[in-house]
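Listed below are the residues making up each chain.
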Amino acid sequence: MLHEGVIALLLILVMVLAAWLEPGFISVGAQLELSTHAFELALLALPMTFIIIAGGIDLSAGSTMALASVTLGLLHQAGTPLWLASAAAVSVGAAAGAVNGIFVSAVRIHPLIVTLATLAAYRGLAEGISLGRPVSGFPEGFQWIGAGTVLGVPVPVLVLIVAVMVAGVVLSRTVAGHWVYTIGGNELAARHCGVPVGRVQFGLYTLSGMAAGLAGVVFAARRNTAKADIGAGIELEVITAVVLGGVSIFGGRGTITGTVLGVALIHELRELVGWHWRRDELILIVIGVILVGSVLLNNLASRRRA
Amino acid sequence: MKSSAGVWCAALGVIAAVAITAAAVAGGVSGHEGARAETAAKKITICLLPKKKGLPYFTTCAKGAEEAAKELGNVELIYDGPTDGSPEKAAGMVDRWALQKVDVIAVSPNDPEVLGQAMKKARQKGVHIITWDADAAPDAREFMVNQATGRDIGYALVDTMAKDIGGAEPEGEVAIITATLTAANQNEWIKHMKERLGKYPKLTLVAVKPSNEDQRLAFQVTQDLLKAHPKLKGIFGISSVAFPGAAEAVKQSGRSGAVLVTGLATPNDMKAYVHDGTVRSVVLWNTGDLGYLTVRAAAALASGTLKAGDHELDAGRLGTKKIEGDQILLGQILVFTKDNIDDFDF
């Protein structure tokens, strides 16, 4: 809770600074419109939280997003109805995640190596089957998923709210959530206690792939483009947000609240720096400093506690 | 309680560190910001978005843009773009600038669809949008500042090659190494190159090969071409990646001078090849002038002196520039040779 408190305080301070520097930035209208920029980051951060708490990592999320996006684009081009093409894209994402899951849980290869391999392989596959050609010209109705609003709130944000609530409840209030912490704390002990380690790992990576598939579909709707080079490097942003939110990179510790705060802090910093200083390179520096600072803080806090 | 006090102190430390970093990197900019507020009434804010920030090509464009902004006096120029070339980040910048109600956003779209979407949204908010260097869909912007038409470039490439090969009737086999087989710009140039080759009946085009924007592939493809066509006299490398790749392959084959390479690239990439004789001419445009013209056009659009349907634009030190439809033409191909290439640093 302590770490979440610190990140929340930082977030408040950033917003106060924003209000002082750029009153226009903190208006509800601007915030709502900018919030869609964080959709992919936030959605992917949820399964990543589970995976990292369980002692794993998924580097292939961005490439899976691209693979799903290309699936959607090619099926749309071939005349498949969009609901079906979207379902297929999410399924391809889930299948890509399941492949990671099998290698991690059944073949027992380290997730860093598995997903490093699929990071390259899925991107290559996406480039290969699309020949690098983007697909655009999605109908208005489909674009609504990414760009539409309900009572002024962008649809992607509504999707996120639901996803966050589900993830929060599952992680903190269910047996499955408890298993995730147990595995991350000590995998061997978890096995001895009868936790279905393999099944949980398989499920987590499949879920991560599914989320990436959904992110690919929403991105296509948001920017009216499905193509093979989307989401490049997003996995590192996602991991940054999750770690910033207090999830231990060694597993066993972390909360969805922390992740949401980490995502919000990165998002607001990124938008504020871009809004006020208008220097892309500065955004990276600020996020780097915040990350190192927060990890130092975490270490300090845990040392004091010990 | 004691432990949490320590953590709060550390939190303050982090905040201070961020503040210091921000101040150190952006100190100059924030001072500028304050000045803007005072004269906000007359100022025109122009945002110049490159495909990728930090590329020498775009940095030199920005220099010209700054020069125009200074000359005009009432222009605040914002030059920013994604340092990693991500179209999504570039679109995010357009979104933000539109929310800030800047006057003009000039975009060099690295993805016409992703950027096009954001540009249309910005136009709906009443922001003037133009493209420069590369184009997006016509309904996403009002004008395009075009460095050179496909015809200008295609003809200049072929004429340059003919001149380099020399003779009253230049003779020999030539080949083209392009970016990808679907690249719109390159395909447009190739069309005009083929047209222009008609003027030189003894120059025969034997191959058009893709390099997929990969310098190693360009190198390999050129090696293959040299083997397959021993009588090859000239190679066009028509992307900034294909050109140095092709030149390197010819150089390593030891046939520098016997097989001439020409194409489009920035002078710095090609200086070594020009000096060792592998390349006699490099075709490009003056990037500084491109940035300069873009800011001139943007300012004219914001102040109402440039309207749809106009045929001319007063472009300051560049004189009067022609407008064809919605294309504002820089129309100046620059050929770098060993005599002038050292005068350019980009």
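Per-chain numbering applies: the sequence of each chain, read as written, is numbered from 1 onward. Chains and ligands are labelled by the order in which they are written, letters from A for the one and numbers from 1 for the other. The predicted origin of the model limits local features to residues at a pLDDT of at least 70 and limits the giving and counting of side-chain atom pairs to 80 or more, whereas totals for whole chains, interfaces and linings rest on all residues. Working from all heavy atoms in the structure, the side-chain values ignore hydrogens and water.

1. What about the overall build of chain B?
Consideration 1: When you go through chain B residue by residue, the secondary structure sums to ten helices and 14 strands.
Consideration 2: For every accessible area listed, the method is Shrake-Rupley and the probe measures 1.4 Å; residues are considered covered only by the protein chains on display. For chain B, the exposed area adds up to about 14,300 Å²; of that, 53% sits on carbon and sulfur atoms. The helix count covers DSSP runs of H or I at least four residues long, the strand count covers runs of E at least two residues long, and both are numbered beginning at the N terminus.

2. Remarks on the overall build of chain A
Consideration 1: Broken down by element type, chain A carries 14 helices and four strands.
Consideration 2: In terms of C-alpha radius of gyration, chain A reaches 19 Å, essentially the compact-globule figure of 19 Å for 306 residues.
Consideration 3: Over its C-alpha atoms, taken along the principal directions, chain A stretches across nearly 60 × 55 × 35 Å.
Consideration 4: Here chain A holds 306 residues, and the buried ones make up 55% of them.
Consideration 5: Carbon and sulfur atoms provide 72% of the accessible area of chain A, an area that totals close to 12,300 Å².
Consideration 6: We treat Lys and Arg as the positive residues and Asp and Glu as the negative residues; His and chain ends play no part in the count. A single reference atom marks each charge: NZ on Lys, CZ on Arg, CG on Asp, CD on Glu. Averaged over its 16 positive side-chain charges, chain A has a centre that lies 10 Å from the centre of its 15 negative ones. Taken over C-alpha atoms, the radius of gyration is set against a globule rule of 2.2 Å times the number of residues to the power 0.38. Type-normalised accessible area, obtained with a 1.4 Å probe on protein chains alone, sets the label of each residue: buried when under 20%, exposed when over 50%, and partly exposed for intermediate values.

3. Topic: the side chain of Asp280 of chain A
Consideration 1: Here Asp280 of chain A shows up in helix α14 (residues 280–305).
Consideration 2: Put simply, Asp280 of chain A is tucked away with no salt bridge, and the nearest opposite charge, on Lys89 of chain B, sits 4.7 Å away.
Consideration 3: Between two residues, a contact is recorded if the distance between any of their heavy atoms is within 4.5 Å. Among residues more than four places away in sequence, those in contact with Asp280 of chain A are Lys53, Asp80, Gly81, Pro82, Thr83, Lys89 and Met93 of chain B. Any carboxyl oxygen of Asp or Glu that lies within 4 Å of a side-chain nitrogen of Lys or Arg is treated as forming a salt bridge with it.

4. Points about the pairing of strand β8 (residues 232–237) of chain B
Residue and element names in this part refer to chain B.
Consideration 1: Taken across its six residues, β8 has five buried, putting it largely inside the fold.
Consideration 2: When DSSP finds two or more bridges between a pair of strands, those strands are recorded as paired. Sheet analysis places strand β6 (residues 172–178) next to β8, joined by five bridges and oriented parallel. The residue bridging Ile176 from the neighbouring strand is Phe236, located in β8.
Consideration 3: Strand direction decides the pairing type here: β8 and strand β9 (residues 260–264), joined by four bridges, are parallel. Bridging across to β9, Ile235 finds its partner in Val261.
Consideration 4: A clockwise course of the path from the first strand over the helix to the second, judged with the strands pointing away from the viewer, identifies a crossover as right-handed. Once the chain exits β8 it traverses helix α8 (residues 242–252) before rejoining the sheet at β9, and the crossover so formed is right-handed.

5. What about the domain arrangement of chain B?
Consideration 1: Where each domain begins and ends follows an automated or database-derived domain assignment. Segmentation of chain B into domains returns domain 1 (34–141 + 287–329) and domain 2 (150–284 + 336–343).
Consideration 2: For domain 1 of chain B and domain 2 of chain B, the distance between their C-alpha centroids amounts to 32 Å.

6. So, the sheet that holds β8 of chain B
Residue and element names in this part refer to chain B.
Consideration 1: If you walk across this open sheet you meet the six strands as β7-β6-β8-β9-β10-β14, and the pairing is mixed. Each of the sheet's edge strands pairs with one partner strand only, and the pair in question is β7 (203–210) and β14 (333–336). Direction aside, the axes of adjacent strands within the sheet are offset by 20 degrees on average.
Consideration 2: Pairing geometry for β9 and strand β10 (residues 279–285), over three bridges, is parallel. Across the sheet, the residue bridging to Val261 is Val279, located in β10.
Consideration 3: Strands in contact with helix α9 (residues 267–275) are β10 and β14; relative to β10, the strand with the most contacts, it is inclined by about 165 degrees. To obtain an axis, a line is fitted to C-alpha atoms, over the contacting stretch when the element is a helix, and the angle between two such axes runs from 0 to 180 degrees between their N-to-C directions.

7. Section: the state of the cysteines
All names here are of chain B.
Consideration 1: Cysteine sulfur atoms that pair up within 2.5 Å are treated as a disulfide. One pass over the structure, following the stated rule, counts zero disulfides over all chains.
Consideration 2: The thiol sulfur of Cys47 is not disulfide-bonded, and the nearest other cysteine sulfur, from Cys61, lies at 16 Å.
Consideration 3: We classify Cys47 as buried; its relative accessible area is 0%.
Consideration 4: You can call Cys61 buried: its relative accessible area is 0%.

8. Overview of the confidence of the model for chain B
Interpretation of the predicted coordinates at a detailed level should be avoided for regions scoring low in pLDDT.
Residues and elements named next belong to chain B.
Consideration 1: Values of pLDDT, ranging from 0 to 100, describe the predictor's confidence in every residue of the model. The predicted model of chain B averages 87 in pLDDT, with 88% of residues at 70 or higher.
Consideration 2: Looking at the elements of chain B, mean pLDDT is at its lowest for helix α1 (residues 2–38), recorded as 48, and at its highest for strand β3 (residues 104–107), recorded as 97.
Consideration 3: The low-confidence segment residues 22–41, where pLDDT is below 50, has 17 contacts with residues more than four positions distant or belonging to other chains.

9. What about the packing of aromatic side chains?
Residue and element names in this part refer to chain B.
Consideration 1: For this analysis, a ring pair means two rings from Phe, Tyr or Trp (six-membered ring only for Trp) whose centres lie within 6.5 Å, classed as stacked if their planes differ by under 30 degrees, edge-to-face if by over 60, and tilted for the remaining angles. This structure, assessed with the given rule, holds seven aromatic pairs over all chains.
Consideration 2: Note on Phe58 and Trp132: the rings are 5.7 Å apart at their centroids and 90 degrees apart in plane angle, and the pair reads as edge-to-face. Of this pair, Phe58 sits in helix α2 (residues 56–72) while Trp132 sits in strand β4 (residues 128–132), and the two are 74 residues apart along the sequence.
Consideration 3: The class for Trp132 is buried, based on a relative accessible area of 0%.
Consideration 4: Seen in terms of ring centroids, Phe336 and Phe344 are 4.8 Å apart; in terms of plane orientation they differ by 80 degrees. Their pairing is edge-to-face.

10. Brief notes about the side chain of Arg196 of chain B
Residues and elements named next belong to chain B.
Consideration 1: Note that Arg196 resides in helix α6 (residues 184–197).
Consideration 2: There is a polar contact of 2.9 Å between the side chain of Arg196 and the side chain of Asp159.
Consideration 3: Ignoring sequence-local partners within four residues, the contact set of Arg196 consists of Tyr155, Val158 and Asp159. Between N or O atoms, a polar contact is any pair within 3.5 Å; within protein, one atom must be a potential hydrogen donor and the other a potential acceptor, and residues adjacent in sequence are included only when both atoms are from side chains.

11. Some points on α8 of chain B
Consideration 1: Burial analysis of α8 of chain B places eight of its eleven residues in the buried class, which makes it a mostly covered element.
Consideration 2: Buried residues along α8 of chain B sit in contact with β6, α7 (215–228), β8, β9, α9 and β10 of chain B.

12. Overview of the environment of Trp275 of chain A
Consideration 1: Mapped onto the fold, Trp275 of chain A is located in helix α13 (residues 256–276).
Consideration 2: The exposure class of Trp275 of chain A is buried, given its relative accessible area of 3%.
Consideration 3: Residues Trp275 of chain A and Phe25 of chain A lie 250 residues apart in sequence; the distance between their C-alpha atoms is 7.6 Å.
Consideration 4: For Trp275 of chain A, the residues in contact, after removing those within four places along its chain, are Glu22, Gly24, Phe25, Ala30 and Leu34 of chain A together with Arg96, Leu99 and Gln100 of chain B.
Consideration 5: There is a polar contact of 3.1 Å between the side chain of Trp275 of chain A and the side chain of Glu22 of chain A.

13. Regarding the packing of α2 of chain B against helix α10 (residues 287–303) of chain B
Residues and elements named next belong to chain B.
Consideration 1: Orientation of α2 relative to α10, taken along the N-to-C sense of each, is 45 degrees, at an axis distance of 6 Å. Classed by the angle they form, the pair α2 and α10 counts as oblique. The interaxial crossing formed by α2 with α10 has right-handed handedness. For the pair α2 and α10, the contacting residues are Tyr57, Thr60, Cys61, Gly64, Ala65, Glu67, Ala68, Ala69, Glu71 and Leu72 in the first and Thr287, Gly288, Leu290, Gly291, Tyr292, Val295, Arg296 and Ala299 in the second.
Consideration 2: Class assignment for the residues of the contact of α2 with α10 results in ten nonpolar, five polar and three charged. The cut-offs work like this: below 35 degrees is roughly parallel, past 145 is roughly antiparallel, 65 to 115 is roughly perpendicular, and the gaps in between are oblique. The handedness criterion is simple: a crossing whose near helix is rotated anticlockwise from the far helix by less than a right angle is left-handed, and one whose near helix is rotated clockwise is right-handed. Following the grouping adopted for this structure description, the nonpolar residues are Ala, Val, Leu, Ile, Met, Phe, Trp, Tyr, Cys and Pro, the charged ones are Asp, Glu, Lys and Arg, and the polar ones are all others, Gly among them.

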